[in-house]
Amino acid sequence: MTTLTPVPRRQTGAPPSSAPSSMSTIKPILKTKSILGTRSRSDDDNGDELHSSPIKKRKTVIINEDLNMVKNIGSKSLDDAKRDIKRALEGHKRGKKEDYEKIIELFASSKSPSQSQNSKDDEETDDDDEDDDDDDDDSHTPKAQDLFVYVLALTSQVTLLGRNCHGLVKAVLQCAWLDRDEDFSKAYTQLLAALSSAQASFFTQVLSMMVGKFNVAKGGGPQKVPGYPPVDSETRKSRLHVGLRYLLDLFPAGKRIILDLIGQTFPYSDDSKAVHLEYIDHLLRLKEQRPELERDVMELILSRLVKLDVEMSLDLENDDDETTRAVLRQLEAAQSPSDEGVSAKGSGDADGEETDAESEAESVISDDDDDDPESRDAQTKRVLLIKSKAETMDAILDLLFQLYSPIFENPDSPKAVETFENMLSDFANVILPHLKSRHTQYLLFKFALKSEKLQDMFIGTLFNLAFESSRQPIQKQAAVGYLASFTARGAKLTTEQIQTVAQTFLLYINHYRDSHKNCLGPDVRKYTQYYAYFQGLLYIFCFRWRDLIDRDALPRTVEWDDPASFVGQDLPWMDGLRTVLQENILCKLNPLKCCSPVIVEEFASLSRHLGLLYIYPQLEKNKNIQLSQFFYGSYANGGALRDSGFEHITGSFLEPCFPFDPFQLPVSKRWLELDTNYVSWQHLALLNPNDDESELEHDGLESEVDDTTTDDGNHD
């Protein structure tokens, strides 16, 4: 129970007996049985010296033991303020608005220092010091300096607030309570708790106000309150989250409301990097105080990061190459040593970012002198918008890498395994459904490579997703792309892991071929899953062909670390690789016709150099095949494409979808350790730079695909 005990007021140098004897007794703020009275505030006690308002003629000193504070009240005593509140609320019920509107005006004038009412109140305060009679004549008019005592008084009178008091509640919630002293913050927090207990609708409004403070772009930033020193950002955040913790302890049902609110108030994708980092910092503080919200909070952050990622990818795809190059130039120019280690606590200044953007705009324009002014302006705005999204995404990813890295210092610990399981769940629900995501998935890439156990967990999850019957086909194909890309690019994967993935792909395409022997011909829309596996297998081969060889059976003339030494050798390929590929290439499904031409051409050249297969005759044959001859019904007019949602099918072949293509973000890139974790593409010229492809003869190669093979894959 919150109790205010009267203390006699001493004059300077006077003995205690000189205190006025007519001091009225101050009653408890809250009723004895109130739930608020059962809460202990001892955890929040800091013993700091508290601020006092200027001394007035009529001054009352009160002690609130529950809040552990001593406070000088201005021209109003607590009893006076309580009578004013009661008179105003009861009058409001009877239709009398004057006193009620004065209370609203008092709280409304505290919401912003720019309000003209503040200046008026300050002038009235000065007049009070000079002329005591004015105070007596207008004793019922609330003053701005009385706000603290009215907060205490309203706390004890919340039961009088009815459904028609939304105007007063709105004014109370607009108060700049974070920018005053610690006493005011504590008293205001109890007022918020009292409002929340009065009506459920008030509780939602209270939480909405507090979550709104997360977003500085929507009025959540600091305010300068006259009579109070500036409050630093860390103190404001601490007060806000102490209040949130207090309310959620009292009313656990508020957790679901909080989750809805943080989703609704999350910054827009075109908001600045500083706004995003500030908001995410609040979310991370929230999850630290309420661990039960951690999964929902991290999923929200990840989902908005993916949204940014997809938007940026689409923007770059829809723009010309010059715009893309300009964005990359701007990102490189913006990178500096101070950019490293970006965190929410160093989120920067929005005005400074705008100034930087203007100077960057000039540099973009100067690079495009050949264009007309309108075109240059439009391109500049476009470049800076995409650059802003890229920088925001880069900073958020950098923050997440920094957040997770300590957990994975011991990657096989129970904490690391549990965290990675949660990340895999978020991957399946948030990242996988978005085919255009290009960077967010590197969170999984980075930490999966920390240990063989985590690699197996990631690969196993991807296989489960690829074969999960309840998954949409587009997501199952995306899982295949992730499998192929992770296997191809993950430098720390073992040969056994790579061969296991490749062997599973071989088994799948062979089973699929056997069950579709009666197909009419290649159909990229109808058999998309099959082509996704086949293309993934080719992709893995192009990057990890050495791991598909039986190393123990290699000729002695081959040096493992010298790719060129493999050329022209009879290499011992893993079981089934050559046979299954050969049978599928020449079956009616004709995968070489439907897979990405770029990947097919690379595979054709590499497999010929390494003596695996010679597929050029089949490629020549495919040039005379028109896929439209195998379409019928809705396929002929594109209806199936619209219905299936296979956006990654372009024209007559399957677009390459390999999510771990090179990472482009300059700041967060430092966490990936690409030199040791990432397999980069090596051009075929590195194998045999003096090779003239047109003069190479394929006669005598054991692996050459015989053109006399039947469509079922069997020789005549």
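To keep things clear, this report deals only with the structure shown in the data block. Keep in mind it's a predicted model, so treat the numbers as computed, not measured.

1. Focus: the packing of helix H5 (residues 147-156) against helix H7 (residues 182-198)
Look at H5 against H7: their axes get within 9 Å of each other, and the N-to-C directions meet at 25 degrees. In this view, H5 runs roughly parallel relative to H7, as classed from their interaxial angle. Seen along the crossing, H5 lies across H7 with a hand that is left-handed. Contact residues: H5 offers Leu 147, Phe 148, Val 151, Leu 152, Leu 154 and Thr 155, while H7 offers Asp 183, Phe 184, Ala 187, Tyr 188, Gln 190, Leu 191 and Ala 194. Tallied by class, the residues present in the contact of H5 with H7 amount to 10 nonpolar, 2 polar and 1 charged.

2. Let's talk about the packing of aromatic side chains
In total, this model carries 40 aromatic pairs according to the counting rule given. For the pair Phe 214 and Tyr 279, a centre-to-centre distance of 5.8 Å together with 75 degrees between the ring planes defines the contact as edge-to-face. Residue Phe 214 is found in the loop between helix H8 (200-212) and helix H9 (233-250), and its partner Tyr 279 is found in helix H11 (residues 273-289); the two are separated by 65 residues along the sequence. A residue is classified by how much of its surface remains accessible, and Phe 214, at 0% relative accessible area, is buried. With a centroid separation of 5.7 Å and an interplanar angle of 85 degrees, the aromatic rings of Phe 427 and Phe 458 are classed as edge-to-face. A residue pair is termed long-range when its members are at least 10 positions apart, and Phe 427 in helix H16 (residues 414-431) and Phe 458 in helix H18 (residues 452-467) qualify at 31 residues. This pair shows no difference in class: Phe 427 is buried, exactly as Phe 458 is. Stacked on the ring of Phe 184, the Lys or Arg Arg 180 has its end atom at 5.0 Å from the ring centre. The positively charged end of Arg 551 is found above the aromatic ring belonging to Trp 560, 4.3 Å away from the centroid.

3. So, helix H2 (residues 98-108)
One turn of an α-helix holds 3.6 residues; hence residues three or four places apart share an orientation. Those residues of H2 that sit buried are Tyr 100, Ile 103, Leu 106 and Phe 107. Seen from one end, H2 has its buried residues packed into an arc of 120 degrees, which puts them on one side. Close packing links the buried residues of H2 with helix H1 (78-93), H5 and helix H6 (166-173).

4. Thoughts on the pattern of salt bridges
Per the stated rule, a full pass over the model turns up 28 salt bridges. Measuring nitrogen to oxygen at the nearest pair gives 2.3 Å for the salt bridge that ties Arg 83 to Asp 80. One end of the pair, Arg 83, and the other, Asp 80, are both in helix H1, 3 residues apart, so they sit about a helical turn from each other. What makes Asp 80 buried here is its relative accessible area of 10%. With a shortest N-O distance of 3.8 Å, Glu 98 and Lys 102 are connected by a salt bridge. Of this pair, Glu 98 and Lys 102 both sit in helix H2, separated by 4 residues, roughly a single helical turn. The exposure class assigned to Lys 102 is partly exposed, which follows from its relative accessible area of 23%.

5. Quick notes on the side chain of Asp 309
For Asp 309, the location among the structural elements is in helix H12 (residues 294-318). One buried charged residue, Asp 309, remains without a salt bridge, the closest side chain of opposite sign being Arg 438 at 6.3 Å. For Asp 309, the contacting residues outside a window of four places in its chain are Met 393, Lys 436, Ser 437, Arg 438, His 439, Thr 440 and Gln 441.

6. Some details on the environment of Asp 547
Turning to its location among the elements, Asp 547 is positioned in the loop between helix H21 (528-544) and helix H22 (577-585). Once the C-alpha coordinates of Asp 547 and Trp 573 are considered, the two residues, 26 residues apart in sequence, prove to be 9.2 Å apart. A distance of 2.7 Å separates the side chain of Asp 547 from the side chain of Thr 495, its partner in a polar contact.

7. Focus: the packing of H9 against H11
Packing of H9 against H11 leaves a shortest axis separation of 11 Å and a crossing angle of 40 degrees. In this view, H9 runs oblique relative to H11, as classed from their interaxial angle. Along this stretch, H9 crosses H11, giving a crossing that reads as right-handed. In this structure, H9 uses Ser 233, Glu 234, Lys 237, Leu 240, His 241, Val 242 and Arg 245 to contact H11, whose residues at the interface are Glu 278, Asp 281, His 282, Arg 285, Leu 286 and Gln 289. Split by residue class, the contact of H9 with H11 holds 3 nonpolar, 4 polar and 6 charged.

8. What to know about unusual backbone geometry
You will see that Asn 590, though not glycine, has its phi angle at about 45 degrees, which is positive. Topologically, Asn 590 is positioned in the loop between H22 and helix H23 (591-594). You can call Asn 590 buried: its relative accessible area is 4%. Look at Glu 673: it is not a glycine, yet its phi comes out positive at around 50 degrees.

Conventions adopted
- Residues numbered from 1 in each chain as written.
- Predicted model: local features only at pLDDT ≥ 70, side-chain atom pairs only at ≥ 80, totals over all residues.
- Heavy atoms only, no water.
- Axes fitted to C-alpha atoms, helices over the stretch in contact; angles between N-to-C directions.
- Helix = DSSP H or I, 4+ residues; strand = E, 2+ residues; numbered from the N terminus.
- Parallel < 35°, antiparallel > 145°, perpendicular 65-115°, else oblique.
- Left-handed = near helix turned anticlockwise from the far one by under 90°.
- Contact = heavy atoms within 4.5 Å.
- Nonpolar A, V, L, I, M, F, W, Y, C, P; charged D, E, K, R; others polar.
- Phe/Tyr/Trp six-rings, centres within 6.5 Å; stacked < 30°, edge-to-face > 60°.
- Buried < 20%, exposed > 50% of the residue type's maximum accessible area, 1.4 Å probe, protein only.
- Lys NZ or Arg CZ within 6 Å of the ring centre and 35° of its normal.
- Arc of directions from axis to C-beta.
- Salt bridge = Lys/Arg side-chain N within 4 Å of Asp/Glu carboxyl O.
- Lys, Arg positive; Asp, Glu negative; His and termini not counted.
- Polar contact = N/O pair within 3.5 Å; in protein donor to acceptor, adjacent residues only side chain to side chain.

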